[in-house]
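What follows is each chain in one-letter form.
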Amino acid sequence: MAGWEVFALRYAVHERRAFENFIRAPDPHDAPMPMDYFVWVVRRGGRVVVVDTGFTPEGGAKRGRTLIRPVEAALRQLGIAPETVEDVVITHLHYDHAGNLDLFPKARFHLQEAEMGFATGRHMCQACIRYPFDVEDVVRMVRAVYAERVVFHDGDAELDEGLTLHKVGGHSAGLQMVRVETARGPIVLASDAAHFMANIERQNPFPIFFDLGALAQGWRAARRLAGAEERIIAGHDPLVREIYPTVEGSEGETVALHLPPLR
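Notes on the structure in this doc start here. (Residues numbered from 1 in each chain as written. Predicted model: local features only at pLDDT ≥ 70, side-chain atom pairs only at ≥ 80, totals over all residues. Heavy atoms only, no water.)

A short note on the overall build of the protein chain
Part 1: Each helix and strand in the protein chain was counted, giving 8 helices and 13 strands.
Part 2: Radius of gyration (C-alpha) of the protein chain: 17 Å, near the 18 Å computed for a compact globule of 263 residues.
Part 3: Counting only C-alpha atoms and orienting by the principal axes, one finds that the protein chain spans roughly 50 × 45 × 35 Å.
Part 4: Out of the 263 residues belonging to the protein chain, those deemed buried represent 57%.
Part 5: Across the protein chain, contacts joining residues at least 24 apart in sequence account for 65% of those joining residues at least 6 apart.
Part 6: Accessible surface, the protein chain: about 11,500 Å² in total, of which carbon and sulfur atoms supply 52%.
Part 7: If you average the places of the 29 positive and of the 36 negative side-chain charges in the protein chain, the two averages end up 2 Å apart. (Helix = DSSP H or I, 4+ residues; strand = E, 2+ residues; numbered from the N terminus. Rg over C-alpha atoms; globule rule 2.2 N^0.38 Å. Buried < 20%, exposed > 50% of the residue type's maximum accessible area, 1.4 Å probe, protein only. Contact = heavy atoms within 4.5 Å. Areas by Shrake-Rupley, 256 points an atom, 1.4 Å probe, with all protein chains shown as cover. Lys, Arg positive; Asp, Glu negative; His and termini not counted. Charge placed at Lys NZ, Arg CZ, Asp CG, Glu CD.)

As structure tokens, then:
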């Protein structure tokens, strides 16, 4: 069977300096290192799986993020009507990955059971841990549970031939990565297991995490699942849009990860 197509759709950006993106800070006078915000689409024939749902305009504004285009507009530009999507993978429940759930009224949400327990359990009594979560997004997911629209996973799972989920935790207790078989080999959508490829290359994590040991082991898992570091897709790295071919008509905001990199 032919491989999947995989797309990264940038919807927002946040201007930052490099020292903000690592535990062990580089020179505080170093260059800017902005953070891109993506959702991803995995497609084969008529089968479409959306990976993460981005933040809402209100959620982004509250945190000072710059919205480039609404997630709904990004999906429709790729020819995808959110109201028809049947499967959405939520890598974790942080505000920038689990907003906009209402855009997908027919979808089943695929989530690690550990992440749901984390986002609704005792650790949320600590402001420093709950900071990346938006309570309204979590409540919407709880409502989806009661509507029998959440598929819980406990560890690795297969959604379809060549499309698998892999729990790694670390950044959030139930974070999962997505492995996709493509014509150029397996691609790993690392989500926030690595915000930037530099986090892996320097073994220097992004400074928001729940379990540092699990986070570091997640890098090893990403390498193993991808088979080659160049097939790991970091969750917020602007280099993604420089390395991969642009989808026509997207003005550089959507790139095709299943095609050979440009460099």
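Now that the structure has been shown, the text picks up again.
Things to note about helix 5 (residues 135-146)
Every α-helical turn comprises 3.6 residues, leaving residues that sit three or four positions apart pointing alike.
Part 1: The terminal C-alpha atoms of helix 5, which comprises 12 residues, lie 17 Å apart, in line with the 16 Å expected from a rise of 1.5 Å per residue.
Part 2: Within helix 5, the full set of buried residues consists of Asp 137, Val 138, Met 141 and Ala 144. For helix 5, the buried positions fall inside an angular range of 110° around the axis, keeping them on one side. Of the exposed residues in helix 5, the ones pointing more than 90 degrees away from its buried face are Val 135, Arg 143 and Tyr 146.
Part 3: Buried residues in helix 5 make contact with strand 6 (108-112), helix 3 (113-120) and strand 7 (150-153). (Expected span 1.5 Å × (residues − 1). Arc of directions from axis to C-beta.)

Details of the nonpolar core
Nonpolar side chains in soluble globular proteins tend to end up buried together.
Part 1: By size, the foremost hydrophobic cluster in this structure holds 44 residues, and its most contacted members are Val 41, Ile 90, Leu 93, Phe 109 and Met 141.
Part 2: The set of elements that each furnish at least two residues to this core consists of strand 1 (5-14), strand 2 (35-44), strand 3 (47-51), helix 2 (71-77), strand 6, helix 3 and helix 5.
Part 3: The contacts of Val 41, once residues within four sequence positions are left out, are Glu 5, Val 6, Phe 7, Leu 9, Val 48, Val 49, Val 50, Leu 75, Leu 78 and Ile 80.
Part 4: Ranked by size, the runner-up nonpolar core spans 21 residues in total, among them Trp 4, Trp 40, Leu 165 and Leu 257. (Core = buried A, V, L, I, M, F, W, Y, C linked by side-chain atoms within 4.5 Å.)

Details of the sheet that holds strand 10 (residues 176-182)
Part 1: Here we have 5 strands laid out as an open sheet, ordered 8-9-10-11-12, and mixed in their pairing. Edge positions in the open sheet fall to strand 8 (157-160) and strand 12 (232-234), since each of these has one partner strand only. Going from strand to strand, the sheet's axes swing by 25° on average, the running direction of each strand aside.
Part 2: Pairing analysis gives 5 bridges linking strand 9 (residues 163-167) to strand 10, with the strands arranged antiparallel. Along strand 10, the bridge assignment pairs His 166 with Met 177. (Pairing = 2+ DSSP bridges. Axes fitted to C-alpha atoms, helices over the stretch in contact; angles between N-to-C directions.)

So, the side chain of Arg 44
Part 1: Along the chain, Arg 44 falls in strand 2.
Part 2: Classification of Arg 44 by relative accessible area gives buried; the value is 16%.

Examining the side chain of Arg 69
Part 1: Secondary-structure assignment places Arg 69 in the loop between strand 4 (66-67) and helix 2.
Part 2: A polar side-chain atom of Arg 69 sits 2.8 Å from a polar atom in the side chain of Thr 254.
Part 3: When residues no more than four places from it in sequence are discounted, the contact partners of Arg 69 are Leu 9, Arg 10, Tyr 11, Ala 74, Gln 77, Glu 253 and Thr 254. (Polar contact = N/O pair within 3.5 Å; in protein donor to acceptor, adjacent residues only side chain to side chain.)

What about the packing of helix 3 against helix 5?
Helix-helix packing is described using two parameters, namely the angle between the two axes and the distance between the axes.
Part 1: For the pair helix 3 and helix 5, interaxial distance at closest approach is 11 Å and the crossing angle is 130°. Looking at the two axes, helix 3 sits oblique to helix 5. In the packing of helix 3 onto helix 5, the handedness of the crossing is left-handed. Note on element contacts: helix 5 touches helix 3 through Val 138, Met 141, Val 142 and Val 145, opposite Met 116, Ala 119 and Thr 120.
Part 2: Split into classes, the residues belonging to the contact of helix 3 with helix 5 amount to 6 nonpolar, 1 polar and no charged. (Parallel < 35°, antiparallel > 145°, perpendicular 65-115°, else oblique. Left-handed = near helix turned anticlockwise from the far one by under 90°. Nonpolar A, V, L, I, M, F, W, Y, C, P; charged D, E, K, R; others polar.)

Overview of the pattern of salt bridges
When charged atoms on two side chains of opposite charge get close, those side chains can pair.
Part 1: Inspection of the entire model under this criterion finds 16 salt bridges.
Part 2: A salt bridge links Glu 83 to Arg 76, with the nearest nitrogen and oxygen atoms 2.7 Å apart.
Part 3: With a relative accessible area of 38%, Arg 76 lands in the partly exposed category.
Part 4: Because the salt bridges share partners, they merge into one network encompassing Arg 44, Arg 47, Asp 87, Arg 108 and Asp 160. (Salt bridge = Lys/Arg side-chain N within 4 Å of Asp/Glu carboxyl O.)

Notes on the pairing of strand 1
Part 1: Counting buried residues in strand 1 gives 9 out of 10 residues, a clear majority hidden from the surface.
Part 2: Where strand 1 meets strand 2, 9 bridges bridge the pair, whose relative direction is antiparallel. The residue of strand 2 that forms the bridge with Arg 10 is Phe 38.
Part 3: For strand 1 and strand 13 (residues 254-256), the ladder comprises 3 bridges, and the chain directions are antiparallel. Considered in strand 13, the bridge of Leu 9 is made with Thr 254.
Part 4: Relative to strand 4, strand 1 runs antiparallel, the two being bridged by 2 bridges.

Purely geometric numbers; function is a separate question.
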